[in-house]
Amino acid sequence: MAKATQLINNEVFRAYATYAAIVLLKMMLMSLITAYFRITRKAFVNPEDTASFGKGESAKKYLRTDPDVERVRRGHLNDLENIVPFVGIGLLYALSGPELSSALLHFRIFTGARILHTFAYLIPLPQPGRGLSWAVGYAVTFSMAYNVLKATWLL
Amino acid sequence: MAKATQLINNEVFRAYATYAAIVLLKMMLMSLITAYFRITRKAFVNPEDTASFGKGESAKKYLRTDPDVERVRRGHLNDLENIVPFVGIGLLYALSGPELSSALLHFRIFTGARILHTFAYLIPLPQPGRGLSWAVGYAVTFSMAYNVLKATWLL
Amino acid sequence: MAKATQLINNEVFRAYATYAAIVLLKMMLMSLITAYFRITRKAFVNPEDTASFGKGESAKKYLRTDPDVERVRRGHLNDLENIVPFVGIGLLYALSGPELSSALLHFRIFTGARILHTFAYLIPLPQPGRGLSWAVGYAVTFSMAYNVLKATWLL
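Not measured: the values here are computed from a predicted model.

Draft legend 1. Inspection of the overall build of chain A at higher detail. Scanning chain A from N- to C-terminus turns up five helices and zero strands. In chain A, the order of α-helices and β-strands from amino to carboxyl end is α-α-α-α-α. Across its three principal directions, the C-alpha atoms of chain A cover 60 × 50 × 30 Å. Considering chain A as a whole, with its 155 residues, one finds that 54% of them fall into the buried category.

So this is what it looks like as structure tokens:
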């Protein structure tokens, strides 16, 4: 049996690993939703993806943009822009020795906010639903970054 | 001499570091390929990038999209969407104490699949070449996430 | 008081944490700049975002692309393409036991180059300002990746 590193015995690190895996899986889910809409809306971007629909002009009409596909893609890009900083800054935060209760509070609020953001984007909910859920996740990441810089500052 | 942290002596972590560096370098390579196509196809997006081709109308015609450039950019974005979760979840997986043989299996299959995906996208290969290579990388990351959540679960 | 992990006592890791947090915050700032330009230029992409400007046709005219908004978005995507590899490879580099002086040199040059890159993109500065600042950050990440692979190589 391989020896686990000590980090995995640290409760804050375990909480970080759980929530980071959850939000990264949520982000990966956007790829499946994009594929679902591309196939059901018959809206593709690569010529080789439409080959099964026939040759020449009959396949070309499926090379188009679709509002539902574009909406999922914007949600996916927004995830990249926000979940990547959470995963990076969250790791540093988890290693900087916060209280477990503070760490759980940060991780839970961020994860909840991003799940809400996805629903707000895809349904879509009227504003400011999406804007607020985005802002909450942003503020949580900012708060963790402040704690990281306070604990590690070495320029 | 600075003291290396203990992690670097852990074989699973060393394997992770090697493969993570390789796939991140592969992702960075997409920037160079984009630049190559932009220059050879003379297809730019920023007005300041075309200044060396002359002034006014003679430069404006180079502000255009090119199918080859757009194809590389889509491959680059797909890398971001898939390699970022691998790097994040892979780190947690490497720290969760897996067998070296299991870890190597995950890292090798993912890395091979993403290299194939790039060739499938850029050549391009007929489908389902690109789709399958994408799905294999996706499944490997999912399997690592399952192992992370099993080892760390703390909500 | 929760016990901090040992990593946070490692000077190279502390320097990494400081610079990684700074460049990730810089990347997050692009979201705010995008929002600022969307609101001042009245250029939105989601129909629900324009509802406060009125109903039907009067709101529809704000669903448009704006050159300033698109410029910030390109800068944001370029950050994702370059800061993500820095954060990933930089972590592995920091854990591979480099001299503090070498590590600080890498982190400082990268951070300076990316801040310059943002100014060069948004002002915009004439080329090769943006190109050079991009290339410097790219070269620093490449140099760290070389050091990681030299220290960890386990295929």
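So, next bit.
Draft legend 2. Expanded view of the UniProt feature "transmembrane region" (unreviewed entry) in chain A. UniProt records the feature "transmembrane region" (unreviewed entry) at residues 16-37 of chain A, using the numbering of this structure. Within residues 16-37 of chain A, the helical portion is 100% and the strand portion 0%, while the C-alpha atoms at the span's ends are 32 Å from each other.

Draft legend 3. Highlighting the pattern of salt bridges. The full count for this structure, using the stated rule, is 21 salt bridges over all chains. We note a salt bridge from Asp79(A) to Lys26(A), for which the minimum N-O separation is 2.6 Å. Of this pair, Asp79(A) sits in helix α3 (residues 67-95) while Lys26(A) sits in helix α1 (residues 11-40), and the two are 53 residues apart along the sequence. Under the relative-accessibility criterion, Asp79(A) is labelled buried at 0%. For Lys26(A), a relative accessible area of 11% puts it in the buried group. Connected through salt bridges with shared partners, the residues Glu48(A), Asp49(A), Arg71(B) and Arg130(B) form a single ionic network.

Draft legend 4. The interface of chain B and chain A, seen in detail. The interface of chain B with chain A comprises 36 residues on the first partner and 39 residues on the second. Here chain B and chain A share an interface that buries about 3100 Å² over both sides, 68% of which is from carbon and sulfur atoms. The tally of links between chain B and chain A comes to three salt bridges. Residue Glu48(A) is joined to Arg130(B) by a salt bridge in which the shortest nitrogen-to-oxygen separation is 3.4 Å. Joining chain B to chain A, the criterion identifies twelve residue pairs in polar contact (both at pLDDT 80 or more). For the side of chain B that touches chain A, the secondary-structure elements that each account for two or more residues are α3 (67-95) and α5 (129-152) of chain B.

Draft legend 5. Fine view of the packing of helix α5 (residues 129-152) of chain A against helix α1 (residues 11-41) of chain C. Where α5(A) contacts α1(C), the axes come no closer than 9 Å and their chain directions differ by 155°. If you check the angle between α5(A) and α1(C), you find them roughly antiparallel. For the crossing formed where α5(A) meets α1(C), the hand is left-handed. Between α5(A), through Trp134(A), Tyr138(A), Thr141(A), Phe142(A), Ala145(A), Val148(A), Leu149(A), Ala151(A) and Thr152(A), and α1(C), the contact on the second element is made entirely by Arg14(C), Ala17(C), Thr18(C), Ala21(C), Ile22(C), Leu25(C), Met28(C), Leu29(C), Ser31(C) and Leu32(C). Tallied by class, residues from the contact of α5(A) with α1(C) come to 14 nonpolar, four polar and one charged.

Draft legend 6. Seen up close, the nonpolar core. Counting residues in each nonpolar core, the largest one holds 111 residues, and the members touching the most others are Phe107(A), Phe107(B) and Phe107(C). For Phe107(B), the residues in contact, after removing those within four places along its chain, are Val12(B), Ala15(B), Tyr16(B), Tyr19(B), Phe86(B), Tyr93(B), Ala94(B) and Met144(B).

Draft legend 7. Here's a closer look at empty space enclosed by the protein. Here the structure, examined in full by the defined rule, presents two cavities of 30 Å³ or more. Reported here for the largest cavity is a volume of approximately 310 Å³. The wall of the largest cavity is formed by 21 residues, among which Val87(A), Gly88(A), Val87(B), Gly88(B) and Val87(C) lie closest to the centre. Approximately 60 Å³ is the volume found for the second largest cavity. Lining the second largest cavity, in full, are Leu7(A), Phe13(A), Leu91(A), Leu95(A), Leu7(B), Leu91(B), Leu95(B), Leu7(C), Leu91(C) and Leu95(C). Counting residues per element, the ones that place at least two in the lining of the second largest cavity are α3 of chain A, α3 of chain B together with α3 (67-95) of chain C.

Draft legend 8. Local environment of the relation of the copies chain B and chain C. Laying chain B over chain C is done by rotating through 120° and shifting 0.0 Å along the axis; what remains is an RMSD of 0.0 Å. Overall, the copies show the geometry of a three-fold rotation axis. Both copies present different contact surfaces, since only 15% of the interface residues of chain B are interface residues in chain C too.

Draft legend 9. Spatial organisation of the relation of the copies chain B and chain A. When chain B is fitted to chain A, the best match, at an RMSD of 0.0 Å, comes from turning it 120° and sliding it 0.0 Å along the axis. Mapped onto chain A, only 17% of the interface residues of chain B again fall at the interface, so the copies present different surfaces.

Draft legend 10. Examining α1(C) more closely. Here α1(C) contains 31 residues, and its C-alpha end-to-end distance of 45 Å stays within 8% of the 45 Å for a straight helix at 1.5 Å per residue. Positive backbone phi, at 50°, marks Lys42(C), one or two positions downstream of α1(C).

Draft legend 11. Structural context of the packing of aromatic side chains. All names here are of chain A. In this structure the tally under the stated criterion is 24 aromatic pairs over all chains. On the numbers, 6.0 Å between centres and 90° between planes, the contact of Tyr-93 with Phe-107 is edge-to-face. Taken together, the residues Tyr-93 in helix α3 and Phe-107 in helix α4 (residues 100-122) connect sequence positions 14 residues apart. Residue Tyr-93 is classed as buried on the basis of its relative accessible area, which comes to 2%. Aromatic ring contacts, followed pair by pair, group Phe-13, Tyr-16, Tyr-19, Phe-86, Tyr-93, Phe-107 and Phe-110 into a single cluster. Seen from the ring of Tyr-121, Arg-130 lies directly overhead, with NZ or CZ sitting 4.4 Å from the centre.

Quick notes on the rules
- Residues numbered from 1 in each chain as written.
- Chains lettered and ligands numbered in written order.
- Predicted model: local features only at pLDDT ≥ 70, side-chain atom pairs only at ≥ 80, totals over all residues.
- Heavy atoms only, no water.
- Helix = DSSP H or I, 4+ residues; strand = E, 2+ residues; numbered from the N terminus.
- Buried < 20%, exposed > 50% of the residue type's maximum accessible area, 1.4 Å probe, protein only.
- UniProt positions renumbered as here; feature names shortened; annotations may be inferred.
- Salt bridge = Lys/Arg side-chain N within 4 Å of Asp/Glu carboxyl O.
- Contact = heavy atoms within 4.5 Å.
- Buried area = accessible area lost by both parts, 1.4 Å probe.
- Polar contact = N/O pair within 3.5 Å; in protein donor to acceptor, adjacent residues only side chain to side chain.
- Axes fitted to C-alpha atoms, helices over the stretch in contact; angles between N-to-C directions.
- Parallel < 35°, antiparallel > 145°, perpendicular 65-115°, else oblique.
- Left-handed = near helix turned anticlockwise from the far one by under 90°.
- Nonpolar A, V, L, I, M, F, W, Y, C, P; charged D, E, K, R; others polar.
- Core = buried A, V, L, I, M, F, W, Y, C linked by side-chain atoms within 4.5 Å.
- 1 Å grid on protein atoms, 1.4 Å probe; cavity = no way out; pocket = protein on both sides within 12 Å on 5 of 7 lines; lining within 4 Å.
- Points joined across faces, edges and corners; volume = space filled by probe spheres on them.
- Least-squares fit on C-alpha atoms with pLDDT ≥ 70 in both.
- Expected span 1.5 Å × (residues − 1).
- Phe/Tyr/Trp six-rings, centres within 6.5 Å; stacked < 30°, edge-to-face > 60°.
- Lys NZ or Arg CZ within 6 Å of the ring centre and 35° of its normal.

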